[in-house]
Amino acid sequence: MAWAALMQLAGKQLLNHRPLVILLCLLVTLLLGWQATGIGINASYEKTIPTGHPYVANFLENRSELSGLGNSLRIAVEVKQGSIFTKDYLDTLARLNDELYLLPGVDRPYMKSLWTPTTRWTAVTEEGLDGGTVIPDDYDGSAASIEQVRTNVARSGEVGQLVAGNFKSSVIFVPLLEISPQTGKALDYGEFSRQLEALRDKYQTDDLRIHITGFTKIVGDLIEGLTQVLLFFVVAVLVTVGAVWPHPLRAQHLGGGDVLAGGGTLAARSARHPRL
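Since the structure is predicted, the reported quantities are computational estimates derived from the model, not experimental observations. (Residues numbered from 1 in each chain as written. Predicted model: local features only at pLDDT ≥ 70, side-chain atom pairs only at ≥ 80, totals over all residues. Heavy atoms only, no water.)

1. Quick word on the pairing of strand 1 (residues 72-79)
This is how the line gets drawn: Relative accessibility thresholds used throughout: buried, under 20% of the residue-type maximum; exposed, over 50%; partly exposed, between the two (1.4 Å probe, protein chains only). A helix here means a DSSP run of H or I that spans at least four residues, while a strand means a run of E at least two residues long, and both kinds are numbered starting from the N terminus. A strand pair is defined by DSSP finding two or more bridges across the two strands.
Most of strand 1 is tucked away: six of the eight residues are buried. The sheet contact formed by strand 1 and strand 4 (residues 169-175) spans seven bridges and is antiparallel. Paired with Ile-75 across the strands is Ile-172, a residue of strand 4. Bridging between strand 1 and strand 5 (residues 208-214) involves seven bridges; their strand directions are antiparallel. In the sheet register, Ala-76 faces strand 5, and the bridge partner there is His-211.

Right, dumping it as structure tokens:
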């Protein structure tokens, strides 16, 4: 009984001070809305791995000496017809490699592809060890230089690593930094994914396919999907509010319907009781 009386008293107080209650609700809504403007959709690579595991903990302790082995992307550039040993393919790969290299958040010294200077070949000759970059310094796109690239790839040990065994695709390995040195902030996975899609649209053709895989791309796609879901939610709320919000024409129409309904009821009663 005491609880029921207390609830009844609280209800009366709320009804008796409705303007104050509405004002408090409005202030809370404005405060929470202002705080919501600072909310960003992002993710962290470290939050998705078991940091308590001994192997992962050891990696995190020595990450300064293991750069390029954490969060990374692999971008496979596949040719539909022929092989990768053509001038058009190698030129496209070079341009894509350069644009990826300049993206904010890329750990540039550890990026690797056929065009990076860290991709080298070695061979034992009669004069000793010999070696060089897979793409030679004097590469000019001629048939002879392309044949030299083919030979260097075979001697580099990258077949099955950077280069597919059927020579129809090669991979660009892109390690990423958690903190972008250009902005000093955490890497924005959503924006980085949009930049990757822009490069895909720029270089992908009917004969050239670009495949992107990695934690950053997966999270970027999830962020894009979540943004679309939130947009759909906002539109649904607006449609619902528009459907239930009082409108003068709707109110007038409903009022007329009530009058007609009332008149019809009165006529029916008169028919049943003629004296009325």
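2. Topic: helix 5 (residues 143-156)
Where we set the bar: In this scheme, a helix's expected span is set at 1.5 Å multiplied by one less than its residue total. Throughout, a contact is declared for two residues whenever any of their heavy atoms are within 4.5 Å.
Over its 14 residues, helix 5 extends 20 Å from the first C-alpha to the last, a length consistent with the 20 Å expected when each residue adds 1.5 Å. Buried positions along helix 5 lie against helix 4 (87-101), strand 2 (120-125) and strand 3 (128-133). The positive-phi residue at the C-terminal boundary of helix 5 is Gly-157, with phi of around 80 degrees.

3. Focus on the packing of helix 6 (residues 189-203) against helix 7 (residues 215-244)
As a reminder of what qualifies: Every axis corresponds to a line fitted to the C-alpha atoms, with the helix fit spanning only the stretch in contact, and the corresponding angles, defined between N-to-C directions, vary from 0 to 180 degrees. When describing relative orientation, an angle under 35 degrees is termed roughly parallel and one over 145 degrees roughly antiparallel, while 65 to 115 degrees is termed roughly perpendicular and anything else oblique. Polar here means any residue outside two lists: the nonpolar Ala, Val, Leu, Ile, Met, Phe, Trp, Tyr, Cys and Pro, and the charged Asp, Glu, Lys and Arg; Gly therefore counts as polar.
Interhelical geometry of helix 6 versus helix 7 gives an angle of 100 degrees and a closest axis separation of 8 Å. As judged from the angle between their axes, helix 6 and helix 7 are roughly perpendicular. Residues Tyr-189, Gly-190, Phe-192, Ser-193, Leu-196, Glu-197 and Arg-200 of helix 6 touch helix 7, and the partners they reach there are Phe-215, Thr-216, Lys-217, Val-219, Gly-220, Asp-221 and Ile-223. When its residues are assigned to classes, the contact of helix 6 with helix 7 shows six nonpolar, four polar and four charged.

4. Points about unusual backbone geometry
Despite not being glycine, Phe-167 shows a phi value in the positive range, around 60 degrees. Relative to the helices and strands, Phe-167 resides in the loop between helix 5 and strand 4.

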